[in-house]
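Structural features, examined
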Amino acid sequence: MTASQTKPTACLALADGTVFYGQGFGATGETEAELCFNTAMSGYQEIMTDPSYAGQIVTFTFPHIGNVGVNPDDDETADPVAEGMVVKWMPTQSSNWRAVQELSDWLAARGRIAVGGIDTRRLTRAIRQQGAPHVAMAHNPDGVFDVEALVAKARAFSGLEGLDLAKGVTCSQSYRWDEMRWAWPEGYKPQTNPKHKVVAVDYGAKRNILRCLASAGCDVTVLPASASYDEVMAHQPDGVFLSNGPGDPAATGEYAVPMIRSLLDNTDIPVFGICLGHQMLALALGARTIKMNHGHHGANHPVKEVETGKVEITSMNHGFAVDAQTLPDGVLETHVSLFDGSNCGIRMADRPVFSVQHHPEASPGPQDSFYLFERFAASMAAA
Ligand SMILES: NC(=O)CC[C@H](N)C(=O)O
């Protein structure tokens, strides 16, 4: 029997009333969220555990999801933070020497709903056309759904605009990070003696970003998102790192921006930001952020470094973007997306203060962007 002939056990309702039926896996129950699509062909576990996906359900355009199972090493944080997943084919039994659990059991243990047997191509077209929709999703083994109630739930979902979700995924206390990357760009020598004291502000940091900082020679102390200027400076950092994270940058900026502004006004220490951290820095410098239609979520996004003309293939996950038109004098646009020309990087013209929209830590994805960590380390060495 194909999935379409089997009695549906999961239902996905879009706010416009479109309904998709499929086979549920993972946890049972209901959830509502914004729906996005991710085009990466690998890394589903890293995607599901990327804290930046809080408040979102991910549609995977690659059809074979779950086939390599899950393992504890690939988590970007302790639990999945994406609300749920939508896939084309039901996961088959996993086959990989690293797998310790099936995707479905892993999701069930973590309370995350998934649906398979969905026409993800049709769904992706709908997301592109209407912009990331608000949806409600239910998994019920009895196959009984109150579709009208689900559509109403989807309509009632507030959306991500105005939501500070970083406070829900940041660490509760400061901690040290010293684990290194496991794989290296060709010819790269890991820095085993940390030289630079770095405070990493955690808006929802992925572990592999912290590993990359450690591998570039940073002695990393991670602080909660709400850390004040005084709390940051108490660590006497050589540099400050601003992490990725979920939700609307303008909302998180309400408390993050004053800290970053104080840092820029009162010190000349290097600052490096990634994704939400990039947006925080841009806001602190006086630029604005905007909601994108359907965002960028994938592992093959070409980004051009303006100064060199060099193109890097990057990993992306963002639904908001820095509006390059609003960058003030003295702040340069350093990187642009070759998909749609949107801003992917900035730097202050006269100081080692810079940030990028993409995820240069390469998990998942290639290693083209690792130079950014080395650039941050070099700017601290030069300071
Ligand atoms: N990965 C991120 O840090 C995402 C940043 C922000 N939440 C956005 O959606 O644009």
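The structure displayed is predicted, hence computed values, not measured ones. (Residues numbered from 1 in each chain as written. Predicted model: local features only at pLDDT ≥ 70, side-chain atom pairs only at ≥ 80, totals over all residues.)

**Section: the overall build of the chain**
Helices and strands together make up the secondary structure of the chain, namely 10 helices and 17 strands. Relative to a compact globule of 383 residues, whose C-alpha radius of gyration would be 21 Å, the chain shows 21 Å and is just as compact. Relative to its 383 residues, the chain shows a buried fraction of 52%. Here the contacts in the chain between residues at least 6 apart in sequence split such that 77% fall between residues at least 24 apart. (Helix = DSSP H or I, 4+ residues; strand = E, 2+ residues; numbered from the N terminus. Rg over C-alpha atoms; globule rule 2.2 N^0.38 Å. Buried ≥ 20, exposed ≤ 12 C-beta atoms within 10 Å, placed from the backbone. Contact = placed C-beta atoms within 7 Å.)

**Brief notes about the site of the ligand**
The environment of the ligand is made up of Ser52, Asn244, Gly245, Pro246, Gly247, Pro249, Cys275, Leu276, Asn317, His318, Gly319 and Phe320. At 4 residues, strand E14 (residues 311-322) tops the list of elements feeding residues into the shell around the ligand. Of the residues contributing to the shell around the ligand, the split by class is 5 nonpolar, 7 polar and no charged. (Near = placed C-beta within 6 Å. Nonpolar A, V, L, I, M, F, W, Y, C, P; charged D, E, K, R; others polar.)

**Considerations on the sheet that holds strand E15 (residues 331-337)**
The mixed open sheet is built from 10 strands, whose spatial order is E8-E10-E9-E11-E12-E17-E16-E15-E13-E14. Both outer strands of the open sheet, strand E8 (175-177) and E14, are each paired with one neighbouring strand and no more. Across the sheet, the axes of successive neighbouring strands diverge by a mean angle of 25°, strand direction being ignored. The sheet contact formed by strand E9 (residues 196-202) and strand E10 (residues 218-224) spans 7 bridges and is parallel. Within E10, the position partnered with Ala200 by the bridge is Val222. (Pairing = 2+ DSSP bridges. Axes fitted to C-alpha atoms, helices over the stretch in contact; angles between N-to-C directions.)

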